[in-house]
Structures are given as structure tokens and as C-alpha cells.
Amino acid sequence: MRYDAAILGAGPDGLAAAARLARAGLKTIVLEKSAGPGGRCTTATFHPGFRASPFADELAPVPAGIFWSLDLARRGAIFFPQPLHVISGAVAGTQVLTKFCAQVRTRIAQELRRADGKAEVPPAKPWLPWQTESVRVAPLDDWSLQSMTDMLADLAPTEAAALMARALAGRAADPTLRGSALHLLAPGLGSSGIVTGGLATLGAALAGSAREAGAEIVCSSEATGIRQTRSRVAAIALADGSEIETAAAISTLDFKRTMLSLFRWSDLPEAVMKRATHYRTAGSTARFLIALEAMPRMAGDAALSRATFHTASTPEDYAHAYAAWRSGVIPEKPPASLRIVSAGDLSLAPRGQATVTMTLGCIPHRLFDGAWTEEHRGVLRDRALAALGATFPDAKILGSRLLVPPDFEEALGATDGDLAGGEIAPDQMFANRACPEWPRTPIAGLYLGGPSSPTGPLATGASGWIAAKALIADRGAGRS
Amino acid sequence: MSDTFDVAVIGAGIDGLTAAAYLAKAGKRVVVLEAQAKVCGLCGSTELRDGFLVPRVAQTLYALDPQVLKDFPSVQRGLAFAARDLAQVGLGEDGRVVTLSRDTNETVRSIALHARADAQAWPSFRAGLFRLARAMRSSWWTGEAFDPDALSSSNRATFAELQTMSAAAWLDSRFESGLLKATLAFDAAAGSLLEPGSALPLLWRAAQEIDGVQGAVALPRGSAGALAPLLSSTAIQAGATVQTGARVARLLVDTGSVTGVELESGETLLCGAVLSSLSRRNTLLGLAPDAAPLALLRALQRIPVRTGTALVTLALSDAPNLARGEAPLASRYIVADRLETIIAADLAARAGRLPDEIPFEIVVPSQLDGSVAPPGSHVLTCLVRPVPVAPPEGWNVLKPKLTAKIIGTLDRLSPGLVPDIMAVDVITPEDIADEDGVQTPERMIGPWRARIDTPIAGLYLCGAGVEPVAAVSGRAGRIAAALVAGKP
């Protein structure tokens, strides 16, 4: 049987793409390695009775157009915002944060319009007056060239710290280095918030929308290669040795993995090979899921139970951890962001008890003394527990689960466990990301969705959505 | 009592003296105000002990402005080179050596010992860099506006890469050998190698020339400090007045315009214009805090200069043998094993710590110039960077640590060197007291005007911080002087 389009990966991008393609009448199949759809939009039981989304609590925003077009609200994806942030005991006021996040959303929306080819959007503020169209790089503005500390310099210290902590949760960056302001955009201060029931609800809503449109979602089915005929995508090879014939494919794997693991290297043009090899990925996130015997006591306001608590408060804290990360060392004090996810969502913990998630940044994918061993995990667990004790002194732990970058690589197929799909740097962001042909790739019939797309770190679902649009357009033009 | 001049130049450094020479030649009444007791106290040379002559800040010359030499034949005549074109030699941890010289075949052979692919990539890398660098000269040398559209398409592509990529990413995309990359990157190590545009200093270095040789690094006879006294006497001959021990306390500003300077001694000098060879920050924050716009002062305060350069000089009773005969005698040696060594050192220095492994550049001037050390003895100088500018521990504590680290490394490179050491001196960023400002792409490609002008009318900057990359050049002094002399 021959499909019009095959999509690799049933994450939010894959599912959004599938829905769009199927709605356009294309015979569409989604191939997923894991046992269920959702990708990072999953929620699992990590201790009897305690559930949490293992990979992230919140994602970059789902653009409104996609959200309403796919009818996600009716399918149960209800977001509630997380307005409060606590930095070393101080609560960051929401007004400034909201204002700054609105600025971020505007910038993201602008980039999405540009990526979607909808409008020739001029750059917000061109960086170099001597940079002209003929220099073929994406327009660079303050976001690309300032340091995060410069970008936030005019804000009150607590607000600036809150934005920094939120932007750098799970990331590795030195906020005093130029170019680090990009982390304010990606993975996105624009996040719509936390989904009731965990990210699985969003995953299920997306999958439901794709299925209703007529797409076929096949799980436990890992794509291992792309076969070309006359230098066009012809079929997807699966781990079980079978093949799925298809006229086109959208890969939601990162650019590096797409090019280097799905093709015979001899089949790739040299320039593509070089580009993929030099595409930089950098894993930095660890997640610690904790089951607590009782809800931690909040000293003051009960509303604080829904806040996010950050352990790092100054640029120096991050710079210090970043230096450790660069040399492959587990930082003494990894920047940690803690949330009592069950406080606003009773489905995640038994009554009276609590589920806390901790996102740790500056955690190396490869350690200087080799691979992650049980001993290394023990070291990180101890440091995470110290952060927990400092935030919630009365916490009694019933059980926990720790995920380090290699676990993300294993579960999500993200190279180096990099959840952003590639290092966040001016030469790898916006139009400079992955391949200049995007949403197409140098391989005819292959499209790139997923985190390595220009919109990948900025929005959830958008890159799949835009890749699907390009595929449909090419088909209409007879190129497919 | 007060004197009246057309122009007061603050600082008798290379650029201050150059500016004074040009202004005096143009018929202006110029006074140079030097805080130290001696002209070229910081940019000249000093005797480490009897008969051992060492420079104070710069150990080589690579950015000298050819126009200055042309305009002042006395400087040109006085300046002699012990070596015009030092080879760049990378020294690895385990005795590996890579030699980058003007001889492409030799260089390719040397690189091939480490990585065959790098040896293949070298000729086109170097040719491409030099080609683009030549095209950039018009804006870097003359103050013309830079027009990227005037570049050829291959130059444009390289330029676009250099603008957006970090030096680390750019070198990683070109080469495999860590030693080769670190050796190249050292010349850009005044800033972080992780920031966008951080490879531009390599392009700027490639655009410079010494005696008509592009990208050359030269060693003047009588130490790299030999240039300053030549410029000083030239300026005086041209008619400039030089006052030493004259530290400027503040600028006199009247309704947004400079009217003169007040010295720490209480003396005031009236003048129509002031050229400061201090950094923008030290000039505005230190000398005119009431006259500059508040927003600018805040912005200047916000960007702390965190990393700097130290110079460690040694007097030796015997010749060192750094590359075990694997490199030409006329070499500068870079001690940095991998890119990560420089990156980690920068992150540590920014945090105010002395890095575990410190990258540095070694020159042994006495091997090429008998005049700087007694016969049989030697002078070895190490340019160490990045080091913290204001470490919390204080430089008094860090100085012996730094010295121990450098001597430890030197002993590993040239076993048996320690007993030969007769004297050591360390010049820290604290001793230099002024800073060169932050290395940014705007500074590197932006117009000279923007770096020279200040919001105070009649106040101009002319120091090393005005250069696209801080260096001993004189160009900043020449261009700033032209700007001032052009005014009625």
C-alpha cells in the first residue's frame, strides 16, 4: 500500500502535520517508535498513585490558529497559566512578567508569520545598519546579539531574575554572554501554561484530531531509514524490516538525526552531510519527579502552592553552572525549578499527598569521566534533594524518578538529549536554523518538522503544521 | 594659573602620542598630559634586571599603522625589526607541535601530522581569510563606511558566517585538530569565543600588515616597547608639549562643551578640545560624570570588563627549548591544548577566578635580538589571557599563583628551565589600570566616528579602545586627530 505522506514521530509536530495533511485528503501515516503517541506530550505514573509529565511541565505556546483549527480545547487541552515565580524567597510580581512575555509573544508571532510565508515581516529592529539583503543571513536583532542580562537590565531585580530563571529552566547558558537573550524566546516565555491532567491531555487531543481527520497512527514502529528512488523519497524502512511506500515524508526528528541516521551517508550530497555534521546539539536538562507524603506547607499565601520555585537567582549562579556543564561536570548547584504540579491538578497525586517536578539545567549529556553511571545519577539525585530540602524543608519523600539527558535521547530520539533540537545560537536560530530550504530539505520529497525547524523552539506544533502546508503546496504544483 | 591650548591629549600612550604628533604637525597647540612620572611608562620597555630589557604590555607588533610610518619618517627610520614575520607555533600538552607559517607547504605538512583533513582545508581557509581581510581594509584603515555589497560573493558568505557564528563554532566547522583550533583561536581570546562574531578579531588581525607583509607578527629590535620613545620624540619635535606626572582629575564642561581640564594638582588648562586615550567608560564615568547623559553612564556601568591580559616576563641564564627544535627560531608559541582550554579559562576569568589551565603566548626575543639580554642569557615573555581583571581575592594573592602556574607549564615544555630563572616580573590588568573595552561585533564593523565621538562636544576618544580590536597601532590616534584637526 502506498501513502501520500509518512510522518516520522507522533509528537505534537507530527500529529499537527498529520491532521493538516489528512484534512487535505492525503493518505497519511504517522510512525511512532514508542508504545503511544504524544512524544514529549506524555504523562506517566512514576510511583504508585503519582503521575507527572516526565519530559516537561509546559511547552512553547501552541499558536492560536493551530489550537483552534485542531479543536484542541474541545478535546480537553485546557491550559492554566502559572503566573507566580519565587526566587530565593521573593515573589516576582506578575505585571512586569506579563508585559515582558507579551513582548516575547509578539516576537514569536512575527517569526511564525515569516516562517509560514504569510507576510514579509521586517525584522523588529535591524541590528547592523550595514547588514543588507545581500548578506544571506537571517536579520539579527537585539534578541540575537544581546546578553540576557543586558536585555533585562531595566527591570527590577526580582522580575529580571524570574524571567531569567523561567527562560533558563533546564537549559545551559551563561546569561552574561552576548547571544544568550535568545533563550528568552526559546523554548519560550510565551508558554500558554500548564495543561490540566498533564501534557498527555494535549498529546491525546492532538492525536484525536489527527485520527478524526483520517490519519493513521502506528505506534511501536520505528523508522530506521528513508529509501530514495531517482533521488526522491520513495519508502520508509522500519525496524522490523518492512517498508512503507510513500510519496513524501515529514521528519519530526532533529535535523542531525534525520540526515545522519535515516540516510546512507554516501547518498547524501556533501554539503548536506557537512551541514548536518556541524549542526550543534547540546543536551542540558534533567528532570526529577518526586512523590511527597504530604503537601508542603506554604509559609505565606496559599496561592504560592501553584508557583514555580527557582533555586538560582543571579547571573553568576547560571554562569557558574554553565562553566561546569561545558567541562562535562555535574554542577555543584544545578539551577533547579520546582513545581507542586498536583497543587492545581488533583489527578496527579493521591488526596492529601503531592507530586513535585524539578527541572534541572546545566546537566551534561556526556560527562568528562565517561557515560552516566548509577554513581553519577546518585550524585545528581543528592544535589536535587538538596534543592528540594532548601525549597520545601518539611518534604517527606515516598518515591522519585530521575531522567538525565541520555534518557531523553533514548525516549524521544533527541540527539544529545537536546530538547530544543539544536543549540540556541544566532547562527542556528530563525532562518539560519538547520537548512535554508526549510520547510523543505535538500532531499526531494522530504520535509522537516520538529525541533530543528526555525519555529521548533518557538512554538509547539507549528513546524509540523508549516511543513505539511509546503508538502500540500508541492503536491498541488505537481512536484510530488 | 592657567594655560591655553587648542587640544589636550590625555595619556602619553602610543595613540595619545600619535594623535599629538599629527595635531602639532597640523599647527595646533597641543599638550599631552601623562599621569605617570615618565612618558611611555606603560607602553615602553623596562629593565627586568641589569641588561635584561622587557616590554611592559605588548610583546609583539602586528597592527602598526603603515600610514603613521609614512607620515613620520623619523619613526620609520628608528624602528628596526629583529624579526618581521614570526611563525605561530601551537604547543600541545603531550609534546605535540603545530607550526603555522607563511610557507603554505610547510604548514600543510605540519598540520597533516595532526589531522589530514585539516591539512587539506588549510590553504583555502587561509587564502579565504586573507582575501576577505584585504577587502575590509578600506573601512578598518581609513574610516570609510563599510559596504558589504562591495564584497565579492565568496567574501560575503565568509563574512556572514563570521558575523553570526561564534569563534568556537566557526573553527569547529572548519577544522578537527583541537591544537590547531586553539592555536588559531588564541588571537581572538581577548573576548569570549562563544559569542556571535567572536571570530572577527581573527579577520582583523589578518587585515594588518608589517612592512607590507599581510598578517605578519613582528618583533622590534630593543623590545616591543621601542616604538613609544620614538613616537614621543616625534611628537615633541612636531611641537607638542608633554607634561608628565599630570593626572587629570576632571574635565571642565560648560553647557555640553569641553572648555578645559583640571589636573589633580589643582591646575587648570583651558583648551578647545580634549582627546582621551582612556576607555569610554573611564573617560566619561571617571572624568565627566556630571556632564554625560545619565542613561549612557548607566549603560557604561552595566558592562563590566571582566577579563584582561597579564604579562609575565622572565630573565633566564640559558636558552629555553620550547618546541624541541621542531619550530623555527623566529616563532611565537601558543600554549593551549584545545578550544575548551581557552573557553574554560574565559568562563573562570569572567567569574573572577584564575583558570586551572591558562592559555598564553610565549616569545623569546633574545633569541633574535642580542640587545635585550646579556650574551648567553635570555629574556622570555608570556602574554597570558584571559585572566580576571578584578578578582575578589585581589591580584596580590593571585600574582604568585599565576607565576607558579606559568613557570610550571614552562618547565613542562622546556624541562630544566626552572634553575635558569634569574628574575620574574608580572604585569597584571590592575597595573595597566585602563581597559580596552568590550569586544563586540558592532565595535569591529561599526564606523570609527561612533567610537571616537562622545556626547560631550569637543571630547573625543583616541585610545586602544577606539580600535576595532585593541592593539598597539597608532591608527586610532591618527584618525581621531584627523577628525579634530578638521574642525575649525
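These figures come from a predicted structure and were not determined experimentally.

K.L.:
How do you make sense of the overall build of chain A when you look at a structure like this?
P.N.:
A count of helices and strands for chain A gives 13 helices and 20 strands. Radius of gyration (C-alpha) of chain A: 22 Å, near the 23 Å computed for a compact globule of 480 residues. If one aligns the C-alpha atoms of chain A with their principal axes, the spans along those axes are about 65 × 55 × 45 Å. Across the 480 residues that make up chain A, the buried fraction comes to 59%. For chain A, the share of sequence-separated contacts (at least 6 apart) that also reach a separation of at least 24 residues comes to 73%. Working note: accessible area of chain A is about 18200 Å², and carbon and sulfur atoms make up 53% of it. Computed over 48 positive and 45 negative side-chain charges, the inter-centroid distance for chain A is 5 Å.

K.L.:
Looking at this structure, I do not really get empty space enclosed by the protein. What am I missing?
P.N.:
Regions of empty space are outlined by a rolling probe, equal in size to a water molecule, passed over the atoms. The final tally for this structure, using the stated rule, is 8 cavities of 30 Å³ or more. The calculated volume of the largest cavity comes to roughly 100 Å³. Together, Ala52, Ser53, Asp57, Phe80, Ile194, Val195, Gly198, Leu199, Val341, Asp345, Leu348 and Thr357 of chain A line the largest cavity. Taken together, the residues of the lining of the largest cavity sort by class into 7 nonpolar, 3 polar and 2 charged. In this structure, the second largest cavity spans a volume of roughly 80 Å³. Along the walls of the second largest cavity sit Arg178 of chain A together with Ala188, Gly191, Ser192, Glu195, Pro196, Gly197, Ser198, Pro201, Gln439, Thr440 and Pro441 of chain B, which together make up its complete lining. By residue class, the composition of the lining of the second largest cavity is 4 nonpolar, 6 polar and 2 charged.

K.L.:
How should I be thinking about the interface of chain A and chain B in this particular structure?
P.N.:
A common way to express how large an interface is: the accessible area buried when the components associate. Each partner contributes to the interface: chain A provides 30 residues, whereas chain B provides 29 residues. At the boundary of chain A with chain B, total buried surface from both sides reaches about 2500 Å², with 60% on carbon and sulfur atoms. Our enumeration of links across chain A and chain B arrives at 4 salt bridges. Among the ionic pairs, Arg178 of chain A bridges to Glu442 of chain B, the shortest N-O distance being 3.0 Å. Of all the secondary-structure elements, those providing two or more residues to the side of chain A that touches chain B are α4 (142-145), α9 (270-278) and α10 (315-326) of chain A. A per-element tally of the side of chain A that touches chain B places α10 of chain A first, with 5 residues.

K.L.:
Whenever I open this one, the environment of Trp265 of chain A confuses me. Can you help?
P.N.:
Residue and element names in this part refer to chain A. On the secondary structure map, Trp265 appears in the loop between α8 (255-262) and α9. Judged by relative accessible area, Trp265 falls into the exposed class, the value being 52%. Between the C-alpha atom of Trp265 and that of Gly461, which follows or precedes it by 196 residues, the distance is 29 Å. Residue contacts for Trp265: discarding those within four places in its chain leaves Leu260 and Met273. In terms of polar contacts, Trp265 uses its side chain to reach the backbone carbonyl oxygen of Leu260, at 2.8 Å.

K.L.:
How should the sheet that holds strand β15 (residues 307-316) of chain B be read in this particular structure?
P.N.:
Working definition: the strands of a sheet are paired by backbone hydrogen bonds and lie parallel or antiparallel to each other. Residue and element names in this part refer to chain B. Ordered in space as β7-β6-β16-β17-β18-β15-β19, the 7 strands form an open sheet in which the pairing is mixed. Edge positions in the sheet fall to β7 (97-100) and β19 (421-427), since each of these pairs with one other strand and no more. The average angle at which neighbouring strand axes cross in this sheet is 20 degrees, direction not considered. As paired elements, β15 and β19 share 6 bridges and run antiparallel to each other. Paired with Leu314 across the two strands is Val424, which belongs to β19.

K.L.:
Teacher, can you tell me more about the packing of helix α1 (residues 12-23) of chain A against helix α7 (residues 199-213) of chain A here?
P.N.:
Between two packed helices, both the angle of their axes relative to each other and the distance between the axes serve to describe the pair. Residues and elements named next belong to chain A. Where α1 contacts α7, the axes come no closer than 8 Å and their chain directions differ by 20 degrees. Judged by the inter-axis angle, α1 sits roughly parallel to α7. The handedness of the crossing between α1 and α7 is left-handed. Between α1, through Pro12, Leu15, Ala18, Ala19, Ala22 and Arg23, and α7, the contact on the second element is made entirely by Gly203, Leu206, Ala207, Ser209, Ala210 and Ala213. In terms of residue class, the contact of α1 with α7 is built from 9 nonpolar, 2 polar and 1 charged.

K.L.:
Hey, could you run me through α9 of chain A in this one?
P.N.:
Since there are 3.6 residues in each turn of an α-helix, residues three or four apart along the chain are aligned in direction. All names here are of chain A. Within α9, burial applies to Val272, Met273 and Ala276. The buried side chains of α9 occupy one side of the element, clustering within an arc of 100 degrees when seen end-on. Turned more than 90 degrees from where α9 packs its buried face, Glu270 and Ala271 sit exposed. Elements in contact with the buried residues of α9: α8.

K.L.:
It is not clear to me how the nonpolar core should be interpreted in this structure. Could you clarify?
P.N.:
Side chains that are nonpolar tend, in soluble globular proteins, to be buried together. Residues and elements named next belong to chain A. Within the largest apolar cluster, 74 residues are counted, with the highest numbers of intra-cluster contacts made by Leu72, Leu184, Leu202 and Ile250. Secondary structure elements with two or more residues in this core: β2 (5-8), α1, α2 (64-69), α3 (94-115), α5 (148-151), α6 (157-168), α7 and α13 (462-476). By residue number, the principal contributor to this core is α6, which donates 8 residues. Each residue touching Leu184, except ones within four places of it in the same chain, is listed here: Phe100, Val104, Trp143, Met148, Met151, Leu152, Leu163, Ala167 and Leu189.

K.L.:
Would you mind going over the packing of aromatic side chains with me for this structure?
P.N.:
Across all of its chains, the model carries 13 aromatic pairs over all chains by this definition. Each ring, one from Phe255 of chain A and one from Tyr279 of chain A, has its centre 5.7 Å from the other, and the planes form 80 degrees; the classification is edge-to-face. Here Tyr279 of chain A lies in the loop between α9 and β15 (286-292) and Phe255 of chain A lies in helix α8, a separation of 24 residues in the sequence. The burial state of Phe255 of chain A is the same as that of Tyr279 of chain A; both residues are buried. Ring centres of Phe125 of chain B and Phe175 of chain B lie 4.8 Å apart, and the angle between their planes is 75 degrees; this geometry places the pair in the edge-to-face category. Here Phe125 of chain B is found in helix α5 (residues 116-142), whereas its partner Phe175 of chain B is found in the loop between α7 (167-174) and α8 (178-185), with 50 residues between them in sequence. On the basis of relative accessibility, which here comes to 5%, the residue Phe125 of chain B falls in the buried class. Taken together through their ring pairs, the aromatic side chains of Trp122, Phe125, Trp170 and Phe175 of chain B make up a single cluster. Note that Arg107 of chain A overlies the ring of Phe430 of chain A, its terminal NZ or CZ placed 4.7 Å from the centroid. The ring of Phe80 of chain A is capped by Arg306 of chain A, whose NZ or CZ atom sits 5.7 Å from the centre of that ring.

Conventions used here
Residues numbered from 1 in each chain as written. Chains lettered and ligands numbered in written order. Predicted model: local features only at pLDDT ≥ 70, side-chain atom pairs only at ≥ 80, totals over all residues. Heavy atoms only, no water. Helix = DSSP H or I, 4+ residues; strand = E, 2+ residues; numbered from the N terminus. Rg over C-alpha atoms; globule rule 2.2 N^0.38 Å. Buried < 20%, exposed > 50% of the residue type's maximum accessible area, 1.4 Å probe, protein only. Contact = heavy atoms within 4.5 Å. Areas by Shrake-Rupley, 256 points an atom, 1.4 Å probe, with all protein chains shown as cover. Lys, Arg positive; Asp, Glu negative; His and termini not counted. Charge placed at Lys NZ, Arg CZ, Asp CG, Glu CD. 1 Å grid on protein atoms, 1.4 Å probe; cavity = no way out; pocket = protein on both sides within 12 Å on 5 of 7 lines; lining within 4 Å. Points joined across faces, edges and corners; volume = space filled by probe spheres on them. Nonpolar A, V, L, I, M, F, W, Y, C, P; charged D, E, K, R; others polar. Buried area = accessible area lost by both parts, 1.4 Å probe. Salt bridge = Lys/Arg side-chain N within 4 Å of Asp/Glu carboxyl O. Polar contact = N/O pair within 3.5 Å; in protein donor to acceptor, adjacent residues only side chain to side chain. Pairing = 2+ DSSP bridges. Axes fitted to C-alpha atoms, helices over the stretch in contact; angles between N-to-C directions. Parallel < 35°, antiparallel > 145°, perpendicular 65-115°, else oblique. Left-handed = near helix turned anticlockwise from the far one by under 90°. Arc of directions from axis to C-beta. Core = buried A, V, L, I, M, F, W, Y, C linked by side-chain atoms within 4.5 Å. Phe/Tyr/Trp six-rings, centres within 6.5 Å; stacked < 30°, edge-to-face > 60°. Lys NZ or Arg CZ within 6 Å of the ring centre and 35° of its normal.

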